[in-house]
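Fold and contact review
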Amino acid sequence: PRSGSEVAEGIAIARRAIGEARDDPEVLTAAGQTLAFFTGETETALGAFDRAIDLNPSYGHAFGQRAMVLAWLNRPKDAIAAAQKAVTVSPHDPDMFVCWLALAMANLAAARWEEALLWADYALLENAGSPALRLKLSLCGHLGRHEEADACLRRLREVHAEPTVAAIEGDLGKGMSAEVVACLTEGLHKAGLPAK
């Protein structure tokens, strides 16, 4: 777990980077991602991603991070367009799981559970970390797929000691809208995850 001082230092570095690294798409994207996740400064983050894309129109990672933030903001149509653009401009990007995760989150926000689950499974093929597992668990809950939810929960427990809805909610990015959080947590409840 990150300490408060590490997070504060990361936020300070990200803010400074956005001002000073105006010509470095990678730094702008990382700074935007940091601010969206840790402070909820989504408009600043989107501006950083847009600047990165202006500098390098084929930088897929910036499109992918933009897609994720748009999904968090409950703008599924815009998120899907950004993720599709990322795949078009950089189909072999090593961070492609971010696009799959953004597509899953966008489809969750749009209540398209089956399609969201497909993208969550793609994300899990490339990165079996907590974000994709949490999302898949929620989607299994929405779809009433209890056996699959149980298998997903077992995997989640391997990376997150004793997950609860409250613990997962506390781990979500600060930039995620209340509507998307509610949709995600509703699925987690339906999947049988303990509230606290």
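See above for the structure.
What comes next is a walk through the structure. (Residues numbered from 1 in each chain as written. Predicted model: local features only at pLDDT ≥ 70, side-chain atom pairs only at ≥ 80, totals over all residues. Heavy atoms only, no water.)

Observations concerning the overall build of the protein
Quick reminder of the rule: Helix and strand labels come from DSSP, where a helix needs a run of H or I of at least four residues and a strand needs a run of E of at least two; each type is numbered from the N terminus. Note that the radius of gyration is over C-alpha atoms, with the globule rule given as 2.2 Å times the number of residues to the power 0.38. Burial classes follow relative accessibility: with a 1.4 Å probe on protein chains only, a residue under 20% of its type's maximum area counts as buried, one over 50% as exposed, and anything between as partly exposed. In what follows, residue pairs with any heavy atoms lying within 4.5 Å of each other are defined as contacts.
When its secondary structure is counted, the protein shows 11 helices and zero strands. Taken from the N to the C terminus, the helices and strands of the protein come in the order α-α-α-α-α-α-α-α-α-α-α. Its C-alpha radius of gyration of 16 Å places the protein within 12% of the 16 Å reference for a compact globule of 196 residues. Referenced to the eigenvectors of the C-alpha coordinate spread, the extents of the protein come out at roughly 50 × 40 × 25 Å. For the protein, the proportion of its 196 residues judged to be buried stands at 48%. Long-range contacts, defined as pairs at least 24 residues apart, comprise 60% of the intrachain contacts of the protein with a sequence gap of at least 6.

Brief notes about a nonpolar patch on the surface
Note the threshold: By definition, no residue in a patch forms a salt bridge, and every one has over 30% relative accessible area; like charges are joined within 9 Å, nonpolar side chains (Val, Leu, Ile, Met, Phe, Trp, Tyr) within 5 Å. Exposure was quantified through the Shrake-Rupley algorithm and a 1.4 Å probe, taking into account, for residues, occlusion by the shown protein chains and nothing else. Salt bridges are identified by distance alone: a Lys or Arg side-chain nitrogen within 4 Å of an Asp or Glu carboxyl oxygen.
A cluster of nonpolar residues, Leu118, Tyr122 and Leu125, forms a patch on the protein surface that exposes about 330 Å² of accessible area. The topology assignment puts Tyr122 in helix 7 (residues 113-126).

A short note on the side chain of Ser138
Mapped onto the secondary structure, Ser138 falls in helix 8 (residues 130-143). For Ser138, a relative accessible area of 0% corresponds to the buried category. Residues contacting Ser138, with those up to four places away along its chain left out, are Leu108, Cys183, Leu184, Gly187 and Leu188.

Things to note about the nonpolar core
The criterion, for reference: Note on terminology: a nonpolar core comprises buried Ala, Val, Leu, Ile, Met, Phe, Trp, Tyr and Cys residues joined through side-chain atoms within 4.5 Å.
Counting residues in each nonpolar core, the largest one holds 65 residues, and the members touching the most others are Met105, Leu135 and Leu137. The leading source of residues in this core is helix 6 (residues 96-109), at 10 residues. In contact with Met105, not counting residues within four places along its chain, are Ala71, Trp72, Leu135, Met176 and Val180.

Observations regarding the packing of helix 2 (residues 25-38) against helix 4 (residues 60-72)
Our working rule: Working convention: axes come from line fits to C-alpha atoms, limited for helices to the stretch in contact. Angles between N-to-C directions cover 0 to 180 degrees. Convention used here: angles under 35 degrees read as roughly parallel, angles over 145 as roughly antiparallel, angles from 65 to 115 as roughly perpendicular, and any remaining angle as oblique. Left-handed describes a crossing whose near helix is turned anticlockwise from the far helix through less than a right angle; right-handed describes the clockwise counterpart. We call Asp, Glu, Lys and Arg charged. Ala, Val, Leu, Ile, Met, Phe, Trp, Tyr, Cys and Pro are nonpolar, and the rest, Gly among them, are polar.
Viewed as axis vectors pointing N to C, helix 2 and helix 4 meet at an angle of 15°, and their least axial separation amounts to 10 Å. As the angle between them shows, helix 2 and helix 4 are arranged roughly parallel. In this structure, the crossing between helix 2 and helix 4 has a hand that is left-handed. Between helix 2 and helix 4, the contacting residues are Thr29, Gln33, Ala36 and Phe37 on the first element and His61, Ala62, Gln65, Val69 and Trp72 on the second. Broken down by class, the residue content of the contact of helix 2 with helix 4 amounts to five nonpolar, four polar and no charged.

What about the packing of aromatic side chains?
The condition that has to hold: The criterion for an aromatic pair is that two Phe, Tyr or Trp rings (for Trp, the six-membered ring) have centres within 6.5 Å, with stacked assigned to planes under 30 degrees apart, edge-to-face to planes over 60 apart and tilted to the rest.
Overall, the coordinates contain five aromatic pairs when judged by the stated rule. Their ring planes at 80° and their centres at 4.9 Å tell us that Phe37 and Phe38 sit as a pair that is edge-to-face. Assessed through its relative accessible area of 28%, Phe37 is described here as partly exposed. Where Trp100 meets Trp119, the ring centres are 5.2 Å apart and the plane angle is 20°; that geometry is what we call stacked. On the criterion of sequence distance, the pair formed by Trp100 in helix 6 and Trp119 in helix 7 is long-range, its members being 19 residues apart. What links up through ring pairs into an aromatic cluster is the set Phe37, Phe38 and Trp72.

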